[in-house]
Amino acid sequence: CFPGNKQKITSNSIWLSRAHETTGVMAMATLPDKPMMTVQRVVGLMTHRHSEGMIERHLKALKALVKNSRQGFLLSDLVELSKLFTLCCERLSTSPEYEQPVCRLVKLCSLPFLMQRASDENTYAPSVIELLSTLGKLLEVGTSPIQIQVAESISIFFTDPGGQPLLEDLQLTKLSYNAAIVERSAVAGKLMQVYGIVEDASVKNTLLNTLHILSSTITNCNHMLTVGGARLVCESLANDITHKELTVTVELLWNLLENGSKIQASSQVSNLKCMRILRSVFSNLMVRAYASVQVRQLRNDVLVICNLIAANCLDAPFVESEFLMDLCIFATHPEVSRTGKDILRTVKLTQEHEDFELKRLFICLLVTFSNDPAALRVMSECMVLLGLFSYVIPNDKAGPEWTAAQFEELQLLALSCLCNLAPLRIEDYTVCQGNTRLLILLEWCIRHGDFGGHGNSFHGKGGRGNRMAQLRYVLRLILNMCTSGNDIIRQDFTDQGATSLFIGLLTSQLRHDKDDAILIEMKTDTVIILSSLCEHDLHRKELFCSTGGIQAIVPFLRMDTRKLSCGLGHHRLLLAAVDCIWCAIVGSSLAEEILLENEGIFLLLDLLECCPDNMKNQVLGVITDMSENPKTIQHILQWQGKKCTSPWSLIAKLWKEEEEDMQVPREYMNTLAGVSSYSLNSVLPTQHYSPPRNTTTVDGSTADIRRHHASIGQPAITSRQ
């Protein structure tokens, strides 16, 4: 406008041209540079009263901001960035032009933030949390492209460590810091909430993938569960989705049940609607399992989810939805033949790993349902025990359905499952002739042969190259049946010659003194089985005596008491042997005489003298009951312990230990304090007296000491003792 200025600019241009010609170097312009567009300037532009309505200038400013922030945003700018997102969010409904710039800004938020100092991570942590919360609000009011971009940015921010910044004075936030900030912001709960209400398929799929990534941590899973995440994910299985989406959904539900609060997650899906959805999904996968390996793996994953729900929520309506009926039918196929079930026509299990894993999961699921009486009735209707007993056969008679290693693992798993189910369904056990099947397998375990176990599974521990694994679980199952309280089962075992079989087992396969926990466990179970079979029945006691049972039990009384604290189970074996004497010998005159002939009473007194305090009550009770036999008294009076200890001094020592345990006060000359005579059940009138720590054990021990003292009489005192 002014000629002077024009002449000045022209002269300046000429001077720059001449300087270039003379020096060959472009001179720096003296005019000021255009200032860089920052977040603060954009916020000021959009909030100033004179420029808040200039949408075109806003869009140009946002475009320049995106261009200048290609490396990411500074932590110090995040407060203003949150304000900027809030402003854009308010204008989206009236001005759709903001959609594309907002998407670009959200995409930049997927990059690690920039910090100028090492302390910026802690200083600006609230600002980062506020920004992520603002992005969560964008999910609710934003359009589909914005929702997709927010989900993708959070996913990348959570998993991608990013590259190196171009400027040396800046550093990137660590990946661990990014993940921790995402957890603290609770944005996972907002993503899950939007996932439950959004209808756009592409947005829902993007949110699903992001939730699946975030569900790898406990905190994010708990945030999802606060908005009913498990229920929302399970209900989405009813939609028409692809196999890939179905796989991601199942894995997300599994993560919620396993990483989040198990009880809260299980209770959210424990309703009829979710159970019916899971039932439909699992049935379809069972029918289509022949299609591919991926389908079989997904089928197994759904079964794992059912197991987690059943284990953590006892009120889950598996029975009401008839889902358990389907599971039991599938679990016993093809072991139990059924007619009229069309769904089973296309179900065929092979030796593939996925089908083998399915069978294992089915058996584990049956154990989970064993605590539910209603579920037990359903399993009885589906003949579950009959299906499990199909594996209780000698391994050399197994069919071609499974390999030898697979059959062995399923066999041991079935025996372990029967240990839980069989005592609860005695009628089904009897119908399946359980006793006979177990004894046949027991005889096969005892018999020598060419078979050697593979010992691959958890239950096969110690059974590689032998039959010890099968023997271990057969004994455990027989023990559970004998101690179930049903005398018909015990009588049936006795009628089939089980007593002599167990005694022979103790004197043959289990006769080794090797310090092995599994071997000691089998010895203990066998001794307890003999105790249970012979208890309260004189004829069985005499049968036990006549088949060499006493000679098999007495060696256990010679056990070195120093082994009781080694942690391998010697204490249980010794207590089982003492209990066997009490149940299978005491009360039978013939058996007691044979025990005396084998120095049994001497061994019991030796044990009473040196055994731990928590075992003395049991040993003393056996000795006291045997003292009713006059021949026992003669053996007791002839006994001498360590350092020539007499029976009376042993009784006095036990009495003194009981008084010390009861904290009974005594005065000078060793008399009771405050009373002229002592009664066990009386309360001593002294402030120093306190109740015993274990009243039941102390009362029993004291009574046995009195009875034992009365039975052997008072010794003739010739000197001060």
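No experiment lies behind these values; they were computed from the predicted model shown.

Peer 1: Break down the overall build of the chain for me, with residues and values.
Peer 2: On a plain count of helices and strands, the chain comes out with 37 helices and two strands. Residues counted as buried form 49% of the 721 residues belonging to the chain. In the chain, once contacts between residues fewer than 6 apart in sequence are set aside, the share between residues at least 24 apart is 74%. Summed over its atoms, the accessible surface of the chain is roughly 35,700 Å², and 53% of this surface lies on carbon and sulfur atoms.

Peer 1: Give me the lowdown on the packing of helix α16 (residues 272–287) against helix α17 (residues 293–312), citing residues and values where you can.
Peer 2: Contact geometry of α16 with α17 gives a least axis separation of 9 Å together with a crossing angle of 150°. The pairing of α16 with α17 is recorded here as roughly antiparallel in orientation. Between α16 and α17 lies a crossing of left-handed hand. Across the interface between the two elements, Met275, Leu278, Val281, Phe282, Leu285 and Met286 from α16 touch Val295, Leu298, Arg299, Val302, Leu303 and Ile309 from α17.

Peer 1: Report on the packing of aromatic side chains, specifying residues and quantitative values.
Peer 2: As enumerated under the stated definition, the model contains nine aromatic pairs in all. Relative to Phe157, the ring of Phe113 lies with its centre 5.4 Å away and its plane at 55°, an arrangement referred to as tilted. Taken together, the positions of Phe113 in the loop between α5 (99–108) and β1 (114–115) and Phe157 in helix α8 (residues 144–159) put the pair 44 residues apart, joining distant regions of the chain. For the pair Tyr391 and Phe407, a centre-to-centre distance of 5.8 Å together with 35° between the ring planes defines the contact as tilted. Note that Tyr391 is positioned in the loop between α21 (384–389) and α22 (404–421) and Phe407 in helix α22, a separation of 16 residues in sequence. The pair formed by Tyr391 and Phe407 is uniform in burial state, with each residue classed as buried. Through successive ring pairs, a cluster of aromatic residues spans Phe282, Phe318, Phe323, Phe330, Phe362 and Phe369. Over the aromatic face of Tyr195 sits the side chain of Lys204, whose NZ or CZ is 4.3 Å from the ring centroid. One residue, Arg467, lies across the ring of Trp444, its end atom 4.3 Å from the ring centre.

Peer 1: Hey, could you go over the packing of helix α33 (residues 600–610) against helix α35 (residues 630–637) for me, with residue numbers and the actual values?
Peer 2: Contact geometry of α33 with α35 gives a least axis separation of 9 Å together with a crossing angle of 55°. Between α33 and α35, the angle falls in the class oblique. Our pair here, α33 against α35, has a crossing hand that is right-handed. On α35, the residues touching Ile601, Phe602 and Leu605 of α33 are Thr632, His635 and Ile636.

Peer 1: Before we move on, can you summarise the pattern of salt bridges with the specific residues and values?
Peer 2: Across all of its chains, the model carries 20 salt bridges by this definition. One salt bridge in this structure joins Glu354 and Arg296, with 3.9 Å as the shortest N-O distance. Taken together, the positions of Glu354 in helix α19 (residues 353–368) and Arg296 in helix α17 put the pair 58 residues apart, joining distant regions of the chain. We classify Glu354 as buried; its relative accessible area is 12%. For the salt bridge of Arg360 with Glu357, the shortest nitrogen-to-oxygen distance reads 3.3 Å. With a gap of three residues between them, Arg360 and Glu357 both fall in helix α19, about one helical turn apart. Linked through salt bridges whose partners overlap, the residues forming this network are Asp487, Arg490, Asp537 and Arg540.

Peer 1: Lay out the environment of Leu438 in plain terms, naming residues and giving numbers.
Peer 2: With respect to the element layout, Leu438 can be found in helix α24 (residues 434–446). In contact with Leu438, not counting residues within four places along its chain, are Val392, Leu415, Tyr429, Val474, Leu477 and Ile478.

Peer 1: So what about the confidence of the model for the chain? Which residues, and what values?
Peer 2: Averaged over the chain, the pLDDT score is 84; the fraction of residues at 70 or greater is 85%. Ignoring residues within four places in sequence, the model shows residues 1–33, a span with pLDDT below 50, making five contacts including any to other chains. With pLDDT under 50 throughout, residues 676–699 is counted as low confidence; its partners more than four residues away or in other chains account for 33 contacts.

Peer 1: Break down a positive patch on the surface for me, citing the residues and quoting the values.
Peer 2: A cluster of basic side chains, namely Lys63, Lys67, Arg70 and Arg104, defines a positive patch on the protein surface. Relative to the helices and strands, Arg70 resides in the loop between α3 (55–68) and α4 (78–91).

Peer 1: Go over helix α31 (residues 570–584), please, and point to the residues and values.
Peer 2: Within an α-helix, residues lying three or four positions from one another point in the same direction, as the helix has 3.6 residues per turn. Taking 1.5 Å per residue as the helical rise, α31 with its 15 residues ought to reach 21 Å, and the 20 Å between its terminal C-alpha atoms agrees with that figure. Within α31 the residues assigned to the buried category are His570, Leu573, Leu574, Ala576, Ala577, Val578, Cys580, Ile581, Cys583 and Ala584. For α31, the elements touching its buried residues are α28 (517–534), α29 (538–546), α30 (549–557), α32 (589–597), α33 and α34 (613–626).

Peer 1: Could you give me a rundown of the nonpolar core, with the residues and numbers involved?
Peer 2: By size, the foremost hydrophobic cluster in this structure holds 217 residues, and its most contacted members are Leu84, Phe85, Phe318, Leu442 and Phe544. Not counting residues up to four positions away in its chain, the partners in contact with Phe318 are Met275, Cys306, Ile309, Ala310, Phe323, Leu324, Leu327 and Phe369.

Peer 1: Account for the side chain of Asn178, with residues named and values stated.
Peer 2: Along the chain, Asn178 turns up in helix α9 (residues 175–185). By relative accessible area, Asn178 is classed as buried at 0%. A polar side-chain atom of Asn178 sits 2.9 Å from a polar atom in the side chain of Thr173. When sequence neighbours within four positions are dropped, the list of residues in contact with Asn178 reads Pro112, Phe157 and Thr173.

Peer 1: Just give me the short version of helix α14 (residues 243–259), but keep the residues and values in it.
Peer 2: Under the 1.5 Å per step criterion, the end-to-end length of α14 is 24 Å for 17 residues, consistent within 8% with the ideal 24 Å. Turning to α14, its buried residues number three or more, namely Leu246, Val248, Thr249, Val250, Leu252, Leu253, Asn255, Leu256 and Leu257.

Peer 1: An account of the environment of Val79 is needed here, citing residue identities and associated values.
Peer 2: Along the chain, the position of Val79 falls in helix α4. For Val79, a relative accessible area of 32% translates into the label partly exposed.

Peer 1: Pulling in residues and values, what's your account of unusual backbone geometry?
Peer 2: Cis peptide bonds are those with omega within 30 degrees of zero, and the linkage from His333 to Pro334 qualifies with 5°. Mapped onto the fold, Pro334 is located in the loop between α18 (323–331) and α19. Positive phi, normally seen in glycine, also occurs at Met383, with a value near 55°. Within the secondary structure layout, Met383 lies in the loop between α20 (373–381) and α21.

Peer 1: Can you lay out the state of the cysteines for me, pointing to particular residues and giving the numbers?
Peer 2: Per the stated rule, a full pass over the model turns up zero disulfides. Here Cys534 stays free of any disulfide, with the sulfur of Cys580 as its closest cysteine sulfur at 6.7 Å.

Basis of the calculations
Residues numbered from 1 in each chain as written. Predicted model: local features only at pLDDT ≥ 70, side-chain atom pairs only at ≥ 80, totals over all residues. Heavy atoms only, no water. Helix = DSSP H or I, 4+ residues; strand = E, 2+ residues; numbered from the N terminus. Buried < 20%, exposed > 50% of the residue type's maximum accessible area, 1.4 Å probe, protein only. Contact = heavy atoms within 4.5 Å. Areas by Shrake-Rupley, 256 points an atom, 1.4 Å probe, with all protein chains shown as cover. Axes fitted to C-alpha atoms, helices over the stretch in contact; angles between N-to-C directions. Parallel < 35°, antiparallel > 145°, perpendicular 65-115°, else oblique. Left-handed = near helix turned anticlockwise from the far one by under 90°. Phe/Tyr/Trp six-rings, centres within 6.5 Å; stacked < 30°, edge-to-face > 60°. Lys NZ or Arg CZ within 6 Å of the ring centre and 35° of its normal. Salt bridge = Lys/Arg side-chain N within 4 Å of Asp/Glu carboxyl O. pLDDT = per-residue confidence, 0-100. Patch = residues over 30% accessible without salt bridge, like charges linked within 9 Å, V, L, I, M, F, W, Y side chains within 5 Å. Lys, Arg positive; Asp, Glu negative; His and termini not counted. Charge placed at Lys NZ, Arg CZ, Asp CG, Glu CD. Expected span 1.5 Å × (residues − 1). Core = buried A, V, L, I, M, F, W, Y, C linked by side-chain atoms within 4.5 Å. Polar contact = N/O pair within 3.5 Å; in protein donor to acceptor, adjacent residues only side chain to side chain. Disulfide = S-S within 2.5 Å.

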